[in-house]
Amino acid sequence: MRLFAAVLPPARSLGQLATEVGQLKKLPGAERLRWTGHDGWHFTLAFYGEVPEDALPELHERLARAAHRHAPYELRIAGGGRFGDRVVWAGADGDRPAMRHLADAAEAAGRRIGLRMGEHRPYTPHLTLARNRTGRLDLVPYATALSEFAGSPWTVEEIALMRSHPPAPGVPGAQPHYEPVARWPLGR
């Protein structure tokens, strides 16, 4: 199974972001981007890739421990940016240090059970909004338009282990589908 740990924003916050994305889609060149669906918006904490079935019980145990050791914290979707001219994303505001510590713990859970986690990079909480299909579109206007966005705050109360299903092959515009495999409350 292709898995990752994530924080899932509440429906209200996703709705606010969807309204903002509607405005982004009116910018010149927006039709050349591949926009992600709001049902797939999440803050990835750690990406595990393909995880063997027999490793799941230990991953569950380690993520449960990580959730137990971290208290709930305040967050909101706010601001945004871009990764080069490849990705447009919305950011996070609130207790970002708590988010970073939770991401570090989720990554450590994967490393401790022997998953190949790739190179450790500083954590940047983000929700991917669009990918540049052509590589020839300046994403600065999209990042600039997101700079003042601030959704309503909420309390992050759990982490989720998510399964990623790839998009249907050969279907233009097909998106990956994500489903929660397990959830653990923070601080309990």
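Described in the following lines is the structure provided in the data block.

What counts as what
- Residues numbered from 1 in each chain as written.
- Predicted model: local features only at pLDDT ≥ 70, side-chain atom pairs only at ≥ 80, totals over all residues.
- Heavy atoms only, no water.
- 1 Å grid on protein atoms, 1.4 Å probe; cavity = no way out; pocket = protein on both sides within 12 Å on 5 of 7 lines; lining within 4 Å.
- Points joined across faces, edges and corners; volume = space filled by probe spheres on them.
- Helix = DSSP H or I, 4+ residues; strand = E, 2+ residues; numbered from the N terminus.
- Pairing = 2+ DSSP bridges.
- Axes fitted to C-alpha atoms, helices over the stretch in contact; angles between N-to-C directions.
- Contact = heavy atoms within 4.5 Å.
- Parallel < 35°, antiparallel > 145°, perpendicular 65-115°, else oblique.
- Left-handed = near helix turned anticlockwise from the far one by under 90°.
- Nonpolar A, V, L, I, M, F, W, Y, C, P; charged D, E, K, R; others polar.
- Buried < 20%, exposed > 50% of the residue type's maximum accessible area, 1.4 Å probe, protein only.
- Core = buried A, V, L, I, M, F, W, Y, C linked by side-chain atoms within 4.5 Å.

Our focus in this paragraph is the layout of surface pockets. Approximately 1200 Å³ is the volume attributed to the largest pocket. In terms of lining residues, the largest pocket is bounded by 36 residues, among which Thr-44, Phe-47, Phe-83, His-126 and Thr-128 are the most central. Only strand S1 (2–7), strand S3 (43–50), helix H3 (96–112), strand S6 (127–132) and strand S9 (177–185) provide two or more residues apiece to the lining of the largest pocket. Looking at the lining of the largest pocket element by element, the count peaks at 4 residues for S3.

For the rest of this paragraph, the subject is the sheet that holds S6. Strand order across the open sheet formed by 5 strands is S2-S6-S5-S4-S7, with antiparallel pairing between neighbours. Bordering the open sheet on either side are strand S2 (33–35) and strand S7 (154–156), each of which pairs with just one other strand. Put simply, the sheet's adjacent strands are angled 40 degrees from each other on average, direction ignored. Where strand S4 (residues 73–83) and S7 come together, 3 bridges link them in antiparallel fashion. By the bridge assignment for S7, Tyr-73 is matched with Val-156. Running over the sheet, H3 touches S4 and strand S5 (87–94) and is turned about 80 degrees from S4.

A few words now on the packing of helix H2 (residues 56–69) against H3. Two numbers describe how H2 lies on H3: the axes approach to 9 Å, and their chain directions differ by 155 degrees. Relative to H3, H2 is oriented roughly antiparallel. Note on packing geometry: the crossing formed by H2 with H3 is right-handed. From H2, Glu-58, Leu-59, Arg-62, Leu-63 and Ala-66 reach across to H3, where they touch Leu-102, Ala-105, Ala-106, Ala-109, Gly-110 and Arg-112. Here the contact of H2 with H3 is built from residues that sort into 7 nonpolar, 1 polar and 3 charged.

This paragraph deals with the side chain of Ser-152. Looking at the element boundaries, Ser-152 is found in the loop between helix H4 (140–146) and S7. Looking at Ser-152, the relative accessible area reads 15%, which means it is buried.

Attention now moves to the pairing of strand S8 (residues 158–165). A regular strand carries its side chains on alternate faces of the sheet. Here S1 runs beside S8; their pairing, made up of 4 bridges, is antiparallel. Paired with Phe-4 across the two strands is Met-162, which belongs to S8. The pairing of S8 with S9 spans 8 bridges and is antiparallel. By the bridge assignment, Arg-163 is partnered in S9 with Glu-179.

Counting 52 residues, the largest nonpolar core has Phe-43, Leu-45, Tyr-48, Leu-63 and Leu-129 as the members making the most contacts within it. Broken down by element, the residue count for this core peaks at 6 residues, all from H3. Contacts of Leu-129, omitting those with residues within four sequence positions, involve Leu-17, Val-21, Leu-24, Arg-34, Trp-35, Thr-36, Trp-41, Val-88, Trp-89, Ala-90 and Leu-146.

Next up on the list: the sheet that holds S8. Across the sheet, which stays open at both edges, the 4 strands sit in the order S3-S1-S8-S9 with antiparallel pairing between neighbours. The outermost strands of the open sheet, each flanked by one partner alone, are S3 and S9. Strand-to-strand twist across the sheet, computed as the mean angle between neighbouring axes with direction ignored, equals 25 degrees. Of the pairings in the sheet, the one linking S1 to S3 comprises 6 bridges and is antiparallel in character. By the bridge assignment for S3, Leu-3 is matched with Gly-49. Where H2 meets the sheet, it contacts S1, S3, S8 and S9, and its direction lies at approximately 55 degrees from that of S9. Helix-sheet contacts for H3 involve S1, S3 and S8, and the interaxial angle to S3 is about 10 degrees.

Purely geometric numbers; function is a separate question.
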